[in-house]
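Here are the chains, one letter per residue:
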Amino acid sequence: MPNATEVLQADARGFDRAAAIWRDGGLVAFPTETVYGLGADARDDAAVARIFEAKGRPRFNPLIVHVESAARARDFAEWSDAAEIVASAFWPGPLTLVLPLREGAGLSPLVTAGLPTLAVRVPAHPVARALLTAFGGPVAAPSANPSGRISPTEAAHVMAGLAGRIAAVVDGGACPVGVESTILGLAGVPVLLRPGGVPVEALEAALGGPVARRDEADALSAPGQMGSHYAPGARVRLGAVERRPGEAMLGFGAVAGDLTLSETGDLVEAAANLFHHLHALDATGAVGIAVAPIPERGLGRAINDRLRRAAAPRA
Ligand code: TXA
Ligand code: MG
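Everything numeric in this text was worked out from a predicted model, so none of it was measured. (Residues numbered from 1 in each chain as written. Chains lettered and ligands numbered in written order. Predicted model: local features only at pLDDT ≥ 70, side-chain atom pairs only at ≥ 80, totals over all residues.)

Bringing the site of ligand 1 into the picture now. In the vicinity of ligand 1 there are 26 residues, among which Thr-34, Gly-37, Pro-62, Ala-119 and Pro-142 approach most closely. Counting only elements with at least two residues in the shell around ligand 1, the list comes to β5 (95–100) and β6 (117–121). Per element, the largest residue contribution to the shell around ligand 1 is three residues, and it comes from β6. Of the residues belonging to the shell around ligand 1, the class tally is 14 nonpolar, 11 polar and one charged. (Near = placed C-beta within 6 Å. Helix = DSSP H or I, 4+ residues; strand = E, 2+ residues; numbered from the N terminus. Nonpolar A, V, L, I, M, F, W, Y, C, P; charged D, E, K, R; others polar.)

Put into structure tokens, the structure is as follows:
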């Protein structure tokens, strides 16, 4: 019989309990400004292995390490001028940096999947920050959903997917950004490994130069980034202006739906609603979800990236 998953309040008691579970090698899901993460002590091999087991992740994709501050990030990754510029501009916040792994950093090799680079970020969500302070160490955390499914933006989504498979979830309400962090590769020339909560245009402005777009053919540099992902049970059809029989409709701007990402066409509001609305439409049992066109700019890039994966042919 699976063990019961504790739902912890976002208060001092809950933070202490979560930190104690992490110290014991257990798994605690927690809110960040992007999505809920499934956290474990990043130095503990067995704890990190439990993340893959709980998610049913088919292979050991590298994980993002969450730390309290840029100073702590430097304990684990080799720093550079470019890292300093973007960390000063966007941390704490929805940006992950891929940097050369520091020798002797003490992280479980499962976290980096044996790569010579490390993905690290400083989250802005006050609950995530309080938890990192209470724990006092690096927390490895992918999104807290079963592998290949929609990312969770509420504690209830986490429970629906992982109850009985994880020790606890800290309930911090809905995630304000709603899509995962932008992943910026800085181990060589700056390269966008995944569009996300920080628009690439803002990164280019801060760096004063172009950020390369990762070639689709070069997918191996960011395993887990290609193909079907974020998939609801229902079939997803993009660029739709009206529904077909049996479909639920996800609207945007002038294209109204059963649920609409943003009636005013606001991409920030749309990102915050994306996974919530996909979960809700999927739960209606519709055979398909028709999705209105979303402009390919700013946060629209991250939204369209997630929607293309949700619509990709399933393996
Ligand atoms: O917003 C987020 O980033 C959320 C919250 C919880 O922080 N986390 C998240 O983690 O989205 P996850 O595991 O779902 O996605 C992390 C991605 C993976 O697809 C992985 O391939 C990539 O980051 N990644 C991790 N380490 C990498 C590395 N060293 N080089 C290239 N890509 C890496
Ligand atoms: Mg994920």
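Next up on the list: the nonpolar core. A general tendency of soluble globular proteins is for nonpolar side chains to be buried together. Judged by nonpolar contacts, the single largest core of 103 residues is most densely connected at Ala-18, Val-65, Val-120, Leu-131 and Leu-184. Among the elements that make up this core, the one with the highest residue count is helix α9 (residues 267–282) (eight residues). (Core = buried A, V, L, I, M, F, W, Y, C linked by C-beta atoms within 7 Å. Buried ≥ 20, exposed ≤ 12 C-beta atoms within 10 Å, placed from the backbone.)

In this section: the domain arrangement of the protein. Interface extent is often summarised as the accessible area lost during association of the parts. Domain boundaries assigned for the protein yield domain 1 (6–221) and domain 2 (235–311). The class makeup of the residues in the side of domain 1 that touches domain 2 is eight nonpolar, six polar and two charged. (Domains from an automatic or database assignment.)

A few words on the pairing of strand β10 (residues 191–194). Regular strands show a simple pattern: their side chains alternate between the two faces of the sheet. Pairing of strand β9 (residues 182–185) with β10 involves three bridges; the strand directions are antiparallel. Paired with Leu-184 across the bridge in β10 is Leu-192. Remark: five residues form the turn of the hairpin made by β9 and β10, two consecutive strands paired antiparallel. Two strands pair when backbone bridges link them, and β10 and strand β11 (residues 212–213) are joined in this way by two bridges, in the parallel orientation. The residue of β11 that forms the bridge with Leu-192 is Arg-213. Note on the crossover from β10 through helix α8 (residues 200–207) to β11: the handedness is right-handed. (Pairing = 2+ DSSP bridges. Right-handed = clockwise from strand over helix to strand, strands pointing away.)

Along an α-helix, residues three or four apart share an orientation, since each turn contains 3.6 residues. Along its 16 residues, α9 runs 22 Å from first to last C-alpha, staying within 8% of the 22 Å computed at 1.5 Å per residue. The sharpest bend along α9 comes to roughly 45°, located at Asn-273. Every buried residue of α9 is accounted for by Leu-267, Ala-270, Ala-271, Ala-272, Asn-273, Leu-274, Phe-275, His-277, Leu-278, His-279 and Leu-281. (Expected span 1.5 Å × (residues − 1). Bend = angle between axes of the 7 residues up to and from the residue.)

Let us look at the pairing of β9. Alternating residues of β9 divide into Thr-182 and Leu-184 and Ile-183 and Gly-185, and every residue in both groups is buried. As defined by bridge partners, β5 adjoins β9 across four bridges and the pair is classed as parallel. Following the sheet pairing, Leu-97 is matched in β9 by Leu-184.

Strand order in the open sheet formed by four strands is β12-β15-β13-β14, and the pairing between neighbours is parallel. On the outer flanks of this sheet lie β12 (235–237) and β14 (259–260), each paired with one strand and no other.

The amide bond that connects Trp-91 to the next residue, Pro-92, takes the cis arrangement and shows omega of -10°. In this structure, Pro-92 sits in the loop between α4 (81–90) and β5.

A word on α4. Of all the residues in α4, the buried ones are Ala-83, Val-86, Ala-87 and Phe-90. Buried residues along α4 cover an arc of 105° about the axis, so they all sit on one side. Residues of α4 that are exposed and point over 90 degrees away from its buried face: Asp-81, Glu-84 and Ser-88. Lining the buried residues of α4 we find α3 (70–76), β5, β9 and α8. (Arc of directions from axis to C-beta. Contact = placed C-beta atoms within 7 Å.)

What follows concerns the confidence of the model for the protein. Model confidence for the protein is summarised by a mean pLDDT of 92, while 94% of its residues fall at 70 or above. Reported confidences for the modelled complex are a pTM of 0.87 and an ipTM of 0.98. (pLDDT = per-residue confidence, 0-100.)

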